[in-house]
Amino acid sequence: MKNRYKIIFVILAVLLTAALTVGCSKINTMERIKKNGQVIMGTNAAFPPFEMRQGNEIVGIDAEIAKAVADKLGVELKIEDMDFNALLSALKSGKVDFIAAGYTVSPEREEEVDFSDKYFKAVQAIIVLKDNTSIKSRQDLNGKVIGAQEGTTGAELFRENSPYKNVTLKTYNNGANAVLDLKNGRVDAVVLDNYTSMALAELNPEIKILDDPATDPEEYAIAVRKGDKELLQTINDTLKELKDSGKLDEIFKKYIPEYKAQ
Ligand code: ARG
């Protein structure tokens, strides 16, 4: 009899601990931001002009928008630079508070995160060597070896339900490395967001960007953990203020000399 009570007691204790752990593991984002005096942006800083390294600093369009969000929250901005495909789990586990990474809104991602208002339109550009004559438009990608950044919409385009046939996809930890392999002849083309492609084309005179993009236009937004309504509202308010004051266009022009209002 005594033993039975013991067992029941142990079971109850285990259940209670489990319930408490589950209850506590939910991150209270706003409380933590205020307590630490800091908000953490997750990004992959190899994506000019949205995020790139300048010495020890991370600069770019997203860094400036994120700084405005931090200012509005009245806290410091901390930026965590990581592999692009590590961003989602970093957000979910609470390592970062939001993702600002030229992050395209997609139905698959909408199941995992909440997106802010969209702030930029982009396309997946096709990059080839200047002297390439066999790839002139998107249809010519069929049967080719394509390079893209792992985890990006550019890479996903060649995975499940791809409109392309017989493509061999090679993925890299950033667009610059994909372009390096293009120059070394290991891939036939690179598929990468257009403004980052333009930034890379400036550094690499051997490459060119085709007029025809690889797929339909996309839009960038900032991602927060599902249900983080207050932070999302602050981000949306910040984006609106930046837009209405003309500051957002100024930021775009600062980083994209050829930028025209979208
Ligand atoms: N727009 C693409 C996507 O969301 C690529 C973004 C890459 N961003 C970066 N910071 N490396 O999948």
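Residues numbered from 1 in each chain as written. Predicted model: local features only at pLDDT ≥ 70, side-chain atom pairs only at ≥ 80, totals over all residues. Heavy atoms only, no water.

Asks: Is there a simple way to explain the packing of helix H3 (residues 61-73) against helix H9 (residues 229-244) in this structure?
Replies: Geometry of a packed helix pair, given as the angle between the helix axes and the separation of the axes. Following both chains from N to C, one finds H3 and H9 inclined at 115°, their axes separated by 9 Å at the closest point. Helix-helix and strand crossings are classified by hand; for H3 and H9 the assignment is right-handed. Contacts from Ile65, Ala68, Val69, Lys72 and Leu73 in H3 reach Leu231, Thr234, Ile235, Asp237, Thr238, Leu239, Glu241 and Leu242 in H9. Looking at the contact of H3 with H9 residue by residue, the class counts come to eight nonpolar, two polar and three charged. (Axes fitted to C-alpha atoms, helices over the stretch in contact; angles between N-to-C directions. Helix = DSSP H or I, 4+ residues; strand = E, 2+ residues; numbered from the N terminus. Left-handed = near helix turned anticlockwise from the far one by under 90°. Contact = heavy atoms within 4.5 Å. Nonpolar A, V, L, I, M, F, W, Y, C, P; charged D, E, K, R; others polar.)

Asks: Looking at this structure, I do not really get the pattern of salt bridges. What am I missing?
Replies: Charged atoms that come close allow side chains of opposite charge to pair. Overall, the coordinates contain 16 salt bridges when judged by the stated rule. Between glutamate 112 and lysine 92 there is a salt bridge, with the nearest N and O atoms lying 2.3 Å from each other. Of this pair, glutamate 112 sits in the loop between helix H5 (107-110) and strand S7 (113-115) while lysine 92 sits in helix H4 (residues 87-93), placing them 20 residues apart in sequence. In this structure, the salt-bridge partner of arginine 186 is aspartate 181, at a minimum N-O distance of 2.4 Å. Given a relative accessible area of 11%, aspartate 181 falls into the buried group. Salt bridges here are not isolated pairs; linked through shared partners, they connect Arg32, Asp97, Arg225 and Asp228. (Salt bridge = Lys/Arg side-chain N within 4 Å of Asp/Glu carboxyl O. Buried < 20%, exposed > 50% of the residue type's maximum accessible area, 1.4 Å probe, protein only.)

Asks: Can you help me understand the sheet that holds strand S2 (residues 46-47) in this one?
Replies: Note on sheets: strands pair through backbone hydrogen bonds, and any given pair is parallel or antiparallel. Judged by pairing direction, the sheet is antiparallel, and its three strands sit side by side in the order S2-S3-S4 without closing on themselves. Since the sheet does not close on itself, it has two edges, and those belong to S2 and strand S4 (57-59), each with one partner. Where strand S3 (residues 51-54) and S4 come together, three bridges link them in antiparallel fashion. The residue of S4 that forms the bridge with glutamine 54 is glutamate 57. (Pairing = 2+ DSSP bridges.)

Asks: It is not clear to me how a negative patch on the surface should be interpreted in this structure. Could you clarify?
Replies: Residues Glu108, Glu110, Glu111 and Glu160 make up a contiguous surface patch of negative charge. Looking at the secondary structure, you find glutamate 110 in helix H5. (Patch = residues over 30% accessible without salt bridge, like charges linked within 9 Å, V, L, I, M, F, W, Y side chains within 5 Å. Areas by Shrake-Rupley, 256 points an atom, 1.4 Å probe, with all protein chains shown as cover. Lys, Arg positive; Asp, Glu negative; His and termini not counted. Charge placed at Lys NZ, Arg CZ, Asp CG, Glu CD.)

Asks: What should I look at first to understand the side chain of aspartate 228 in this one?
Replies: Position of aspartate 228 among the secondary structure elements: in the loop between strand S15 (223-225) and H9. Judged by relative accessible area, which is 11%, aspartate 228 ranks as buried. Each residue touching aspartate 228, except ones within four places of it in the same chain, is listed here: Thr29 and Asp114.

Asks: When you look at the pairing of strand S9 (residues 124-129) in this model, what are you seeing that I'm missing?
Replies: Successive side chains on a regular strand alternate, one facing one side of the sheet and the next facing the other. Burial analysis of S9 places five of its six residues in the buried class, which makes it a mostly covered element. Of the strand pairs in this sheet, S9 and strand S12 (residues 189-193) are connected by four bridges, and their pairing is antiparallel. Considered in S12, the bridge of alanine 125 is made with leucine 192. Here S9 pairs with strand S13 (residues 207-209) via three bridges, running antiparallel. Along S13, the bridge assignment pairs valine 128 with lysine 208.

Asks: Can you help me understand the side chain of asparagine 44 in this one?
Replies: Considering the arrangement of structural elements, one finds asparagine 44 in the loop between strand S1 (38-43) and S2. Using a relative accessible area of 6% as the deciding quantity, one classes asparagine 44 as buried. Within the local environment of asparagine 44, its side chain forms a polar contact with the backbone oxygen of methionine 82, the two atoms lying 3.0 Å apart. Within polar-contact distance, the side chain of asparagine 44 engages the side chain of glutamine 149 at 2.9 Å. Residue contacts for asparagine 44: discarding those within four places in its chain leaves Glu51, Asp81, Met82, Asp83, Phe84, Leu87, Ala101, Gln149 and Asn173. (Polar contact = N/O pair within 3.5 Å; in protein donor to acceptor, adjacent residues only side chain to side chain.)

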